[in-house]
Amino acid sequence: MPMWAGGVGSPRRGMAPASTDDLFARKLRQPARPPLTPHTFEPRPVRGPLLRSGSDAGEARPPTPASPRARAHSHEEASRPAATSTRLFTDPLALLGLPAEEPEPAFPPVLEPRWFAHYDVQSLLFDWAPRSQGMGSHSEASSGTLASAEDQAASSDLLHGAPGFVCELGGEGELGLGGPASPPVPPALPNAAVSILEEPQNRTSAYSLEHADLGAGYYRKYFYGKEHQNFFGMDESLGPVAVSLRREEKEGSGGGTLHSYRVIVRTTQLRTLRGTISEDALPPGPPRGLSPRKLLEHVAPQLSPSCLRLGSASPKVPRTLLTLDEQVLSFQRKVGILYCRAGQGSEEEMYNNQEAGPAFMQFLTLLGDVVRLKGFESYRAQLDTKTDSTGTHSLYTTYQDHEIMFHVSTMLPYTPNNQQQLLRKRHIGNDIVTIVFQEPGSKPFCPTTIRSHFQHVFLVVRAHTPCTPHTTYRVAVSRTQDTPAFGPALPAGGGPFAANADFRAFLLAKALNGEQAAGHARQFHAMATRTRQQYLQDLATNEVTTTSLDSASRFGLPSLGGRRRAAPRGPGAELQAAGSLVWGVRAAPGARVAAGAQASGPEGIEVPCLLGISAEALVLVAPRDGRVVFNCACRDVLAWTFSEQQLDLYHGRGEAITLRFDGSPGQAVGEVVARLQLVSRGCETRELALPRDGQGRLGFEVDAEGFVTHVERFTFAETAGLRPGARLLRVCGQTLPSLRPEAAAQLLRSAPKVCVTVLPPDESGRPRSSLSDEAPVLPNTTPDLLLATTAKPSVPSADSETPLTQDRPGSPSGSEDKGNPAPELRASFLPRTLSLRNSISRIMSEAGSGTLEDEWQAISEIASTCNTILESLSREGQPIPESGDPKGTPKSDAEPEPGNLSEKVSHLESMLRKLQEDLQKEKADRAALEEEVRSLRHNNRRLQAESESAATRLLLASKQLGSPTADLA
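Treat the numbers as computed from the prediction; the structure is a model and nothing was measured.

A. The overall build of the chain, seen in detail. Summing up its helical and strand segments, the chain has 19 helices and 32 strands in all. Accessible surface, the chain: about 47500 Å² in total, of which carbon and sulfur atoms supply 54%.

B. Focus on the packing of aromatic side chains. For the structure on display, the rule yields 19 aromatic pairs. For the pair phenylalanine 454 and phenylalanine 524, a centre-to-centre distance of 5.9 Å together with 50° between the ring planes defines the contact as tilted. Here phenylalanine 524 lies in helix 13 (residues 522-542) and phenylalanine 454 lies in the loop between strand 14 (433-438) and strand 15 (457-464), a separation of 70 residues in the sequence. Under the relative-accessibility criterion, phenylalanine 524 is labelled buried at 11%. One aromatic cluster is present, formed by Tyr207, Tyr339, Phe360, Phe363, Phe437, Tyr473, Phe497, Phe503 and Phe506 through successive ring pairs. Across the ring face of tryptophan 115, the terminal group of arginine 114 is positioned such that the distance to the ring centre comes to 4.8 Å.

C. Local environment of the nonpolar core. Membership of the largest hydrophobic core comes to 57 residues, with the highest contact counts inside it found for Trp583, Leu611, Leu620 and Phe661. Looking at this core, the element that brings in the most residues is helix 14 (residues 667-679), giving six residues. Ignoring any residue separated from it by four or fewer positions in sequence, one finds phenylalanine 661 in contact with Phe107, Trp583, Gly584, Val585, Leu611, Gln645, Gln646, Leu647, Ala668, Val669 and Val672. Formed by 41 residues, the second largest nonpolar core is a distinct cluster that contains Val461, Val475, Ala505 and Ala517.

D. Spotlight on the pairing of strand 12 (residues 393-399). Most of strand 12 sits inside the fold, with five of its seven residues counted as buried. Taken together, the four bridges between strand 11 (residues 369-372) and strand 12 define a ladder with antiparallel strand orientation. When the sheet's bridge partners are listed, arginine 372 is paired in strand 12 with histidine 393. Bridge analysis of strand 12 against strand 13 (residues 402-408) gives five bridges, and the strand direction is antiparallel. From the neighbouring strand, threonine 398 faces strand 13, where its bridge partner is glutamate 403.

E. Here's a closer look at the pairing of strand 7 (residues 257-266). For strand 7, a buried count of nine out of ten residues is recorded, marking the element as mostly surrounded by other parts of the structure. With six bridges connecting them, strand 7 and strand 8 (residues 273-278) associate as antiparallel partners. Paired with serine 260 across the strands is serine 278, a residue of strand 8. Where strand 7 hands over to strand 8, the hairpin turn is made up of six residues, counted between the paired strands.

F. Fine view of the packing of helix 10 (residues 358-367) against helix 12 (residues 501-518). Helix 12 packs onto helix 10 with a crossing angle of 80° between their chain directions and a minimal axis gap of 9 Å. Relative to helix 12, the element helix 10 lies roughly perpendicular. Contact residues: Phe363, Leu366 and Leu367 in helix 10; Phe503, Arg504, Leu507 and Leu508 in helix 12. Among the residues forming the contact of helix 10 with helix 12, the class breakdown is six nonpolar, no polar and one charged.

G. Quick look at the side chain of histidine 211. Mapped onto the secondary structure, histidine 211 falls in the loop between strand 4 (179-181) and helix 6 (218-222). Of the polar contacts made by the side chain of histidine 211, one reaches the backbone oxygen of alanine 485; its length is 2.9 Å. Residue contacts for histidine 211: discarding those within four places in its chain leaves Ala192, Pro484, Ala485, Phe486, Asn513, Gln516, Ala517 and His520.

H. Spatial organisation of helix 13. For helix 13, which comprises 21 residues, the first-to-last C-alpha distance of 30 Å matches the rise-based estimate of 30 Å (1.5 Å per residue) to within 8%. Restricting attention to buried positions, one finds in helix 13 the residues Arg522, Phe524, His525, Arg532, Leu536, Leu539 and Ala540. The buried residues of helix 13 all sit within an arc of 160° when viewed along its axis, so they share a single face. Summarising the geometry of helix 13, the exposed residues directed more than 90 degrees from the buried face are Gln534, Thr541 and Asn542. As for helix 13, its buried residues are in contact with strand 5 (229-235), strand 6 (239-251), strand 7, helix 8 (316-325), helix 12 and strand 18 (544-548).

Thresholds applied
- Residues numbered from 1 in each chain as written.
- Predicted model: local features only at pLDDT ≥ 70, side-chain atom pairs only at ≥ 80, totals over all residues.
- Heavy atoms only, no water.
- Helix = DSSP H or I, 4+ residues; strand = E, 2+ residues; numbered from the N terminus.
- Areas by Shrake-Rupley, 256 points an atom, 1.4 Å probe, with all protein chains shown as cover.
- Phe/Tyr/Trp six-rings, centres within 6.5 Å; stacked < 30°, edge-to-face > 60°.
- Buried < 20%, exposed > 50% of the residue type's maximum accessible area, 1.4 Å probe, protein only.
- Lys NZ or Arg CZ within 6 Å of the ring centre and 35° of its normal.
- Core = buried A, V, L, I, M, F, W, Y, C linked by side-chain atoms within 4.5 Å.
- Contact = heavy atoms within 4.5 Å.
- Pairing = 2+ DSSP bridges.
- Axes fitted to C-alpha atoms, helices over the stretch in contact; angles between N-to-C directions.
- Parallel < 35°, antiparallel > 145°, perpendicular 65-115°, else oblique.
- Nonpolar A, V, L, I, M, F, W, Y, C, P; charged D, E, K, R; others polar.
- Polar contact = N/O pair within 3.5 Å; in protein donor to acceptor, adjacent residues only side chain to side chain.
- Expected span 1.5 Å × (residues − 1).
- Arc of directions from axis to C-beta.

Below you can see the structure in the form of C-alpha cells.
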C-alpha cells in the first residue's frame, strides 16, 4: 500500500509542519479532505452541527427519534461550541490527546526585562518555555526549510536528487526577508554569518564562516579570571540551570561611575541568554548594588530562586563552564574526499580506486599540502602518526584560523579483494562533510548510494579540461533535509570556477560552513543537548555549596575614594546600551509608510520577527525558524520614515524594509527612532511634492544614484526645500533601487506631479551615504584586513554624468575617474591603514576593562589618525571645483600631502607594534599576578587548616593532661 507525504499523487495535499519528524503525526496534521457535495437538483438541506461519525464530516444528519442515549448524545453535540469541533478536525492530534500546534503569534513576544541588552543572536532567540522531549522538540534544530518535491527531484550531470536530501545546483542565493535574495556584497555579512551584536563583527575574508556561535566565548572574555558569582540548581520546569553574574563599572562622561550587570543563563536548550542590563533600568538599590536574588527576580523572573545554590570555589567550576559554553566552538575539522573516475558512480567503485589520477592530484595540490603522517604534530583527525597504520601520507591545510585534515580515499589503506574497504570507510564514513571529486565522464552522484549516518553534506566537484592551463571546476551540493542552507552561494550552473586560490577559498569555506550547519541537524542537535545536560547536572549536583540565593552576598566592589557614583541619567538612558535591544515587529521588504507608496517587494508578505538594534548592527530574526532574515551595520542605516505604528527603514544603497509594531500607538516606534538616532548617522526623511513650472521642468538634476547635483534658483524645487547634496530615496512611491535608471528618468520626465522621499544632506552640506556604498574590493594582504573598504562619497558636480537628469535627458551614462593624482599611492596605503584600524579594533575588544588609561589614550590617538588618513585617501582623486561653482565642494585645508601619508602610515605601524608588545606584556604580568594571588589564597587556606588542626590537637592534649586551656589558648 503506497504511503504519501503530501506530494504529487497524494490524496491529501498540504505542507507538513516542520516541527516534527514523525510520519504519523505529519499525515494526521494534513488538512482534512473536503466534504463531498452531491450534485442534485433537490434543495440542499440546512447544515447543522458537525458530527464526528459518518464519511462526510461536514454534512449534517437529519434528526431521528432514536434512543435516549442517542438523543443525549445529540444534545451534547449541539451544545458544544463550534470552535471546538472545528479545532478537532483542523488538528486531528487533539482527538488523541496530544498537544496541538500553537498558532504563530502575529507579533513575537519579547523577553523580559524590556531593556536587557543581548550580546548575540543566540541570546535573542533564547526561550524560557521548556522544551518537550516528544514531538516538536526539533523546532530549534530545523532552522532550514524542509525539502520540497522540486528540491528532491532536481538533478544535473553532477548530481541526482534523492528523497531526504536537498540539491543545490547553483543560483539559489541566500534566504532573506520575503524569500531568496542575492548574496551580499562585501563588507556586508551573509545572514547566517551574523553572530555577535554587541561588538564589531567585521568581514576579514572574501567568504564568511556561517552558523558559528561566536558568542560562546562570552564567559571567557567577561567572566573567566574576574570576580563573579556562579549559581547552579535544578529548576522544576527548566531542569538543570547554571547562572553567572558579574557587576561592572565604567567611567561616565561626567566623571562618575556607571554600573551594569553582565548575566549568563544556561539551560538544557542550546541557546544561552547572554547580555547586560544597566542599573538605570533596574529598581533603585543600595550603592553597592542589588543582591543576586533581586537581580534575578528582575532579569529572570521565570527562574525559581529557591532552587539555586552558590557554586563552589573549586577551580573545576570555571573550567567546566568554559567547556560547557565553548563545546560548539571547534577550530579543527576533518573532511572526507572520494575519488570518482570516468564511468563510475557507486560507493564501492569510489572506495576501490587504488591510485589517484592526474586530474585528482591536480585538485589535491590546489586544495592543501601533502604531509607525512609519521611524526606529524598538528591536527591528525584520528589518523595514526606513529605506526603508519592509516597510511603514510595525508592532505592538510589551514583556513581562517581552522586546521583541516582531509581523509583522502586513495591515501588511506587499501584492502585487496574487499569491496567494502572498511579501513577507508571507517574514516570517511564518519566525516560530516564529504567532497566527491569527479573526473570528466563520471556518472552523476546520488547521495543514497552512500550508506552512513554521519555524512550529511556532499560537495560534488566536477573537473573540466584537467591538467591544462584552462582547467575549471563546477560544484553542486547535496545536504540532508534537516541541515539548513549554508554559503557561500553557488553561482548559476555551479560555476565554472578557475583553478586558483579563490576557488580553494570558496571550497574550504563551503566545507567549514557545511559542517557547522549540519550541527543543527536532529542527530547532532540531540547529541549536543545530551552533553550539555550532563554538564549542567554535574554542576548542579557536585559543585554547589549550601549558600542559597537569599544568603549570597551582594556584588561587592572595592571602595575607590577618588570615584563617585554617577547621578541617575534621564529618561531614555536605557537606549544607550551597547548590546542589542529587542522589539517584536512584522517586517516586509519595500517601503509602505508614505501615502501612495507601493511595496517594492512581494505584496502581502509580512514576517513576524524580532528586531534587534545594537551599537554595531541591526538584525531581523525569525524566531520560528531560528535564523536571521535581514542584517545591516548601523553605519549603513541611511534614513527612516515613520507613522504611529509603522516605520520604513532605508539602508545600503537606498533599499528599504517596512517594520510594523504592536502596542500603544507611537511608543515602540518612538523607542526605535530614538535608538537609531543614537547608534547610526541616519536621520528622518522628508516628503516633497514637486510641481512642474510653465515649461514642464522640475528645476533640479540628479545622478544615477539619486544624489541631487544641482537645484535651479527660484524654482518650486528650491521653494520646497530641495538642496544640492540631498538624495532621492523614493520617486512616486517606488524606491530608487527597485527602478531601472530608464524607468526612474521616465517618471521624472513624465509624471504630472512628482512626489519624492528625500534624504537631506548632513550639517556641512555633504550627501549622506552608507559606509559600504561603492566599496572597492582589495587584495587580502594582511590577516585582519577588510576586503571591502569605504570611501566617502564625492559631491556630485557639473562635471559628473547625470543619466537621470530631468533637464538633460540625452546626457551620456557612465563616468570615468579623472584627476586622480596618485592611484598607486591609494592602492598601497589604503590596505595598510585599514589593517591598522582593524588591528586597533581587535586590541580594544581584547584588552578588556583592565587596560590602563594611558594605553587607551594611545589607542584612541592611533585610531583617530587612521580615520584622518582614510578620509584623506577617500578625498584623493576628486576633481577640485572652482571657488565660484555652486555645485562644488570647497577644498579641505587639512588634506595631507602624499609624502606625509607615507610617513604617517609607517609611524602608525611602528606605534601599533609597540602597543601590541606592551599589551602582551601587560597580559603576561596580569596572568602571573593572578597566579600568585591564587597561590597565596591556597597557602592561606592550607595554613588556616593546619592552625585549626594544631589547635584541636593542643586542646585534646590539654584535656588529657588536665591542665587549664586558657593559658594554652
